[in-house]
Structures are given as structure tokens and as C-alpha cells.
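Overview (structure and organization)
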Amino acid sequence: VGPYIVITPNEMRRNQLRQSKFIAKKELDDLERWKKDHRPRPVKLTPQRLGGKESEAQARQKQQMMLMQSKYQQKYKREEYIRTKKAAEEAEILRKKAIQREKVNVVTIELEPYNKATNNSIWIVFLCSKNNELLNRLDFGLPKSDSCQIANRGPESTAW
């Protein structure tokens, strides 16, 4: 025995490797054949004159006019879209307002008898409070009667 080890070859493993190489080569050949069969063919068109009866200058001029008009058309379309959108929003707002008005009308019709009685009592309370407020202001504005030293000048003269 020398300084190296000899491993005996495994015949089954060797046969598997040969078969896999054979299968891989066969698949590559099949792929090449498929590529060759399915390669794109040249396009064959009969030559024909395009552009109709216009000359090239007329066609260019027409293109230029269409380009200029397309800018205005886009602007017009944009404005029209905004206009229709605003109109739809306004219609929606008006519809919602109408619904709310109907609700208010229904509620006011239902509460009308209560409101009349309540409004009358509130009005009376309001008037009384305003009268009391006025009287209080007048009381504070005039001097008290016991501290007043107004000479009695007669029935024709008054403090006012």
C-alpha cells in the first residue's frame, strides 16, 4: 500500500452519469430544433402608396393644425369636465338642502301648537325682565328721596 488510496469505481453511479449526460444533450438538441422551427419569418407586404391624394406638405400642414387644435380641445374637455362636476355638486347640494327643508317643515308643523304657547310665555317673561331691567337702571340713575335736597318750587316746575 502506497501513500494514496484507490477507490473502486461504482458502475451504477457511472451509468447514471452517462445517462444524465445523454438526456441533457438530447434536451439541448430538442431546444435547438424547436428554436430553428419556430424562428420568426420575414414579413412580406406588397408595397403600396400611403397618404391618399395629398402632398407631403399638405399632410404636414394638416398635422400641424391638428396639433394646435388638440391643445384647445384638451383645454375645452378639461373645462367641460370641471363644469359638469360643479353642476353635479350643486345639484347634490340643492337636493340635500331640499331634504333638510322638508325635515324642518315637518318638525315645525308637528311642534307649532307647542311653539305658540311657549312663545307667548317666553315673550311675557322677556317683557317682564326688560321692564325690571329698565326700572333698575332708572332707580340707580336717580338719587334717593331722603338724600334729595330739592326745593319745592311749585307745581309747575319738575325735576325732569
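Predicted, not measured: the structure shown is a model, and the values here were computed from it. Per chain, residues are indexed from 1 in the order of the written sequence. Totals for whole chains, interfaces and linings use every residue, but because this is a predicted model, local features are given only for residues with pLDDT of at least 70 and side-chain atom pairs only at 80 or more, for both listing and counting. Side-chain calculation: all heavy atoms of the structure are included, whereas hydrogens and water are not.

What counts as a helix is a DSSP run of H or I of at least four residues, what counts as a strand is a run of E of at least two, and both are numbered from the N terminus. Scanning the chain from terminus to terminus reveals 2 helices and 0 strands. Relative accessible area decides the class of each residue, using a 1.4 Å probe on protein chains only: under 20% of the type maximum gives buried, over 50% gives exposed, and in between gives partly exposed. In the chain, buried positions account for 0% of the 160 residues. Surface exposure here means Shrake-Rupley accessible area, sampled with a 1.4 Å probe, where a residue is shielded only by the protein chains that are shown. When the accessible surface of the chain is summed, it comes to about 16,900 Å², and 59% of that surface belongs to carbon and sulfur atoms.

Here the focus is the pattern of salt bridges. Definition used for salt bridges: Asp or Glu carboxyl oxygen within 4 Å of a side-chain nitrogen of Lys or Arg. Counted by the stated rule, this structure contains 6 salt bridges. Two residues, Arg83 and Glu80, come together in a salt bridge whose shortest N-O distance is 2.5 Å. Taken together, the residues Arg83 and Glu80, both in helix α2 (residues 56–141) and 3 residues apart, mark about one turn of the helix. For Glu80, a relative accessible area of 29% puts it in the partly exposed group.

Mapped onto the elements of the fold, Asp30 is located in helix α1 (residues 11–37). Whenever a nitrogen or oxygen atom comes within 3.5 Å of another N or O atom, the pair is scored as a polar contact, on the condition that within protein one atom can donate a hydrogen and the other can accept it, and that pairs from neighbouring residues in sequence are kept only if both atoms are in side chains. Looking at Asp30, its side chain comes within polar contact range of the side chain of Arg33, at 3.1 Å.

Glancing now at α1. Here α1 is 27 residues long and its end C-alpha atoms lie 39 Å apart, about the 39 Å a rise of 1.5 Å per residue gives. Capping the start of α1, Asn10 holds a side-chain oxygen 3.3 Å from the backbone nitrogen of Met12, two or three residues further along. A helix is expected to span 1.5 Å multiplied by its residue count minus one.

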